[in-house]
Amino acid sequence: METSIPGSMAHMQTDPHAQFLDIVLGNENIRTLTDRLAELELPDAYLAAGCLCQTVWNNVSGFPPDYGIIDYDVLYCDLDDLSWEGEDRTIRRCAAAFAELGVNVEVRNQARVHLWYPAKFGVPHQPLHSTKEGIDSFLHCCTALGLRKTPEGYDVYAPFGFVDVFRMVVRPNYSYGLPGWYEEKASRWKRTWPGVVVEPWCAPGPQ
């Protein structure tokens, strides 16, 4: 699911996409990161994952917009450079661009995920050809979100929609069989946001 909403019109919308956009842009870190990310012109770049979902949880829970957010994930997909050196150069560019915000920004080239994923998680990962494919494979459906600023407004990518996000429901995406990692992160979120409802991992990963 993807939509493009002009920034100046977002507040006039009543659909879930616009509500989501209004809420996440109320987090000044997200607003600034998307502005500067657009200026960097990284290939296929999105602000993604927990920072977006958790900003909504904060809104629902009555917490400050940036409460409990450990990091902000910047994902891009450079298929022409799979080297660590290339990714490191991009990480350094982003660090300079975002330094004054004082938040932890994690930058990852999605085209390289399959190179390091097995060593970190013990299971193989299919090569990714776009940032959307990376978001599609997130273990927690509620964090499968991407946001980027464009000349037309904002693009929101939400392959699983917004129902779980607004209801604070964490459920597994079985793209990769990592129940331990799923439960560990979900448990931490539950401690930070008591209103979160965690659905158990109840199906095997791919055979």
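Here the structure is a predicted model, which is why all the values come from computation and not from measurement. (Residues numbered from 1 in each chain as written. Predicted model: local features only at pLDDT ≥ 70, side-chain atom pairs only at ≥ 80, totals over all residues. Heavy atoms only, no water.)

## Structural notes on unusual backbone geometry
Here is step 1 of the chain: Of note in this structure, E41 is not a glycine but carries a positive phi near 55 degrees.
Here is step 2 of the chain: As for its placement among the helices and strands, E41 is situated in the loop between α2 (28-40) and β2 (46-48).
Here is step 3 of the chain: Phi is positive for M168, which is not a glycine, with a value near 60 degrees.
Here is step 4 of the chain: Relative to the assigned elements, M168 resides in the loop between α7 (163-167) and β7 (169-170). (Helix = DSSP H or I, 4+ residues; strand = E, 2+ residues; numbered from the N terminus.)

## Considerations on the confidence of the model for the protein
Here is step 1 of the chain: In this model, the protein carries an average pLDDT of 91, and 91% of its residues clear a pLDDT of 70 or more.
Here is step 2 of the chain: Low pLDDT (under 50) marks residues 2-13, which in the prediction has 31 contacts with non-local residues, meaning those over four places away or in another chain. (pLDDT = per-residue confidence, 0-100. Contact = heavy atoms within 4.5 Å.)

## Concerning the pattern of salt bridges
Here is step 1 of the chain: By the definition in use, this model includes nine salt bridges.
Here is step 2 of the chain: For R89, the salt bridge identified is with D81, shortest N-O distance 3.3 Å.
Here is step 3 of the chain: Across the pair R92 and D88 runs a salt bridge, and its minimum N-O distance is 3.0 Å. Of this pair, R92 and D88 both sit in helix α4 (residues 84-98), four residues apart, which is roughly one turn of that helix.
Here is step 4 of the chain: The network of salt bridges with common partners includes D44, R148 and D155. (Salt bridge = Lys/Arg side-chain N within 4 Å of Asp/Glu carboxyl O.)

## Some words on the pairing of strand β4 (residues 105-109)
Here is step 1 of the chain: In β4, alternate side chains face the same way, and those of V105, V107 and N109 are buried while those of E106 and R108 on the opposite face are not.
Here is step 2 of the chain: As paired elements, strand β3 (residues 72-76) and β4 share five bridges and run parallel to each other. Across the sheet, Y72 pairs through a bridge with V105, a residue of β4.
Here is step 3 of the chain: After leaving β3, the chain enters α4 and then returns to the sheet as β4, a path that is right-handed. (Buried < 20%, exposed > 50% of the residue type's maximum accessible area, 1.4 Å probe, protein only. Pairing = 2+ DSSP bridges. Right-handed = clockwise from strand over helix to strand, strands pointing away.)

## A closer look at the side chain of R112
Here is step 1 of the chain: Tracing the backbone shows R112 in the loop between β4 and α5 (113-121).
Here is step 2 of the chain: For R112, a relative accessible area of 10% gives the class buried.
Here is step 3 of the chain: In this structure R112 touches L82, S83, W84 and E87, once residues within four positions along its chain are discounted.

## Re the nonpolar core
Here is step 1 of the chain: By size, the foremost hydrophobic cluster in this structure holds 48 residues, and its most contacted members are V24, L52, W57 and L147.
Here is step 2 of the chain: If we skip the residues at most four places from it in the chain, L147 touches L21, V24, L25, I30, T34, Y46, L47, L52, Y154, D155 and V156. (Core = buried A, V, L, I, M, F, W, Y, C linked by side-chain atoms within 4.5 Å.)

## Details of the side chain of N27
Here is step 1 of the chain: Here N27 shows up in the loop between α1 (16-24) and α2.
Here is step 2 of the chain: Of the polar contacts made by the side chain of N27, one reaches the side chain of T55; its length is 3.1 Å.
Here is step 3 of the chain: Among the polar contacts made by the side chain of N27, one reaches the main-chain carbonyl oxygen of P65 at a distance of 3.5 Å.
Here is step 4 of the chain: The residues touching N27, leaving out its near neighbours within four places in the chain, are T55, P65, D66, I69 and Y72. (Polar contact = N/O pair within 3.5 Å; in protein donor to acceptor, adjacent residues only side chain to side chain.)

## A word on the packing of α1 against helix α3 (residues 50-61)
Here is step 1 of the chain: Where α1 contacts α3, the axes come no closer than 9 Å and their chain directions differ by 90 degrees. Taken together, the axes of α1 and α3 are roughly perpendicular relative to one another. Where α1 approaches α3, its residues F20, I23 and V24 are matched on the opposing element by L52, T55, V56 and N59.
Here is step 2 of the chain: Residues that form the contact of α1 with α3 fall into these classes: five nonpolar, two polar and no charged. (Axes fitted to C-alpha atoms, helices over the stretch in contact; angles between N-to-C directions. Parallel < 35°, antiparallel > 145°, perpendicular 65-115°, else oblique. Nonpolar A, V, L, I, M, F, W, Y, C, P; charged D, E, K, R; others polar.)

## Structural notes on α5
Here is step 1 of the chain: Within the span of α5, buried status applies to V113, Y117 and F121. For α5, the angular spread of buried residues about the axis comes to 25 degrees, placing them on one side.
Here is step 2 of the chain: Packed against the buried residues of α5 are β4 and α8 (179-192). (Arc of directions from axis to C-beta.)

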